[in-house]
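Inside the fold
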Amino acid sequence: MAAIFGTILVLAGLAGGIGYAVWLVRANAEVGPWAFVLLGIAVLVPFDLVRVWHNRRVTAQRQH
């Protein structure tokens, strides 16, 4: 059940982020297509940091 709610929240966040990026592009023509690049960085960097941190913890626990 938690996976379903987690998936719904991730998809809602993704839809909101894309909607905000489209709104930002329309409001500020200087940002242009870079808004989607910045959105991708804002989403992927925290995800990758948490994934790397988790994988290192799991690897460290397996070695002991």
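Check the entry above for the structure.
Residues numbered from 1 in each chain as written. Predicted model: local features only at pLDDT ≥ 70, side-chain atom pairs only at ≥ 80, totals over all residues. Heavy atoms only, no water.

**Digging into the overall build of the protein**
This is how the line gets drawn: Numbering of helices and strands runs from the N terminus, with a helix taken as a DSSP run of H or I at least four residues long and a strand as a DSSP run of E at least two residues long. Buried means the residue's accessible area, taken with a 1.4 Å probe over protein chains only, is under 20% of the maximum for its type, while exposed means over 50%, and partly exposed covers the values in between. Note on areas: Shrake-Rupley with a 1.4 Å probe; residue coverage comes only from the protein chains shown.
Secondary structure summary: the protein contains 2 helices and 0 strands in total. Every one of the 64 residues in the protein was classed for burial, and the buried ones make up 8%. Here the protein has roughly 5600 Å² of accessible surface; of this, 72% comes from carbon and sulfur atoms.

**Observations concerning the packing of helix 1 (residues 2-27) against helix 2 (residues 34-63)**
Basically, it comes down to this: The angle between two axes is taken between their N-to-C directions and runs from 0 to 180 degrees, where each axis is a line fitted to C-alpha atoms and a helix contributes only its stretch in contact. Throughout this description, any angle smaller than 35 degrees is read as roughly parallel, any larger than 145 degrees as roughly antiparallel, any in the 65 to 115 degree range as roughly perpendicular, and the remainder as oblique. Whether a crossing is left-handed or right-handed is set by the direction in which the near helix is turned from the far one by less than a right angle, anticlockwise for left-handed and clockwise for right-handed. Note on contacts: a residue pair qualifies if any of its non-hydrogen atoms lie within 4.5 Å across the two residues. Classification used: nonpolar for Ala, Val, Leu, Ile, Met, Phe, Trp, Tyr, Cys and Pro, charged for Asp, Glu, Lys and Arg, polar for all others including Gly.
Where helix 1 contacts helix 2, the axes come no closer than 9 Å and their chain directions differ by 150 degrees. Between helix 1 and helix 2, the crossing angle belongs to the class labelled roughly antiparallel. Between helix 1 and helix 2 lies a crossing of right-handed hand. The residues of helix 2 that touch helix 1, namely those facing G17, I18, A21, V22, L24 and V25, are A35, F36 and L39. Of the residues that constitute the contact of helix 1 with helix 2, the class distribution is 8 nonpolar, 1 polar and no charged.

**A look at the packing of aromatic side chains**
How we decide: Two rings belonging to Phe, Tyr or Trp (six-membered ring only in the last case) form a pair when the distance between their centres is within 6.5 Å. Interplanar angles under 30 degrees mark stacking, angles over 60 mark edge-to-face geometry, and anything in between is tilted.
Counting across every chain of the model gives 1 aromatic pair. Each ring, one from Y20 and one from W23, has its centre 5.4 Å from the other, and the planes form 35 degrees; the classification is tilted. Taken together, the residues Y20 and W23, both in helix 1 and 3 residues apart, mark about one turn of the helix.

**Some points on the environment of L14**
With respect to the element layout, L14 can be found in helix 1. Classification of L14 as partly exposed rests on a relative accessible area of 46%. In this structure the C-alpha to C-alpha distance between L14 and L39, which are 25 residues apart in sequence, comes to 9.7 Å.

**Details of a nonpolar patch on the surface**
What counts here: The patches described consist of residues with a relative accessible area above 30% and no salt bridge, like charges being joined within 9 Å and nonpolar side chains (Val, Leu, Ile, Met, Phe, Trp, Tyr) within 5 Å. A pair is scored as a salt bridge if a Lys or Arg side-chain nitrogen falls within 4 Å of a carboxyl oxygen belonging to Asp or Glu.
On the surface, W34, V37, L38, I41, V45 and L49 cluster together to form a nonpolar patch covering roughly 610 Å² of accessible area. Here V45 lies in helix 2.

**What to know about the pattern of salt bridges**
Under the criterion given, the structure shown has 1 salt bridge. A salt bridge links R51 to D48; its shortest N-O distance comes to 3.2 Å. Within this pair, R51 and its partner D48 are both found in helix 2, separated by 3 residues, close to a single helical turn. The class of R51 is partly exposed, set by a relative accessible area of 40%. Given a relative accessible area of 31%, D48 falls into the partly exposed group.

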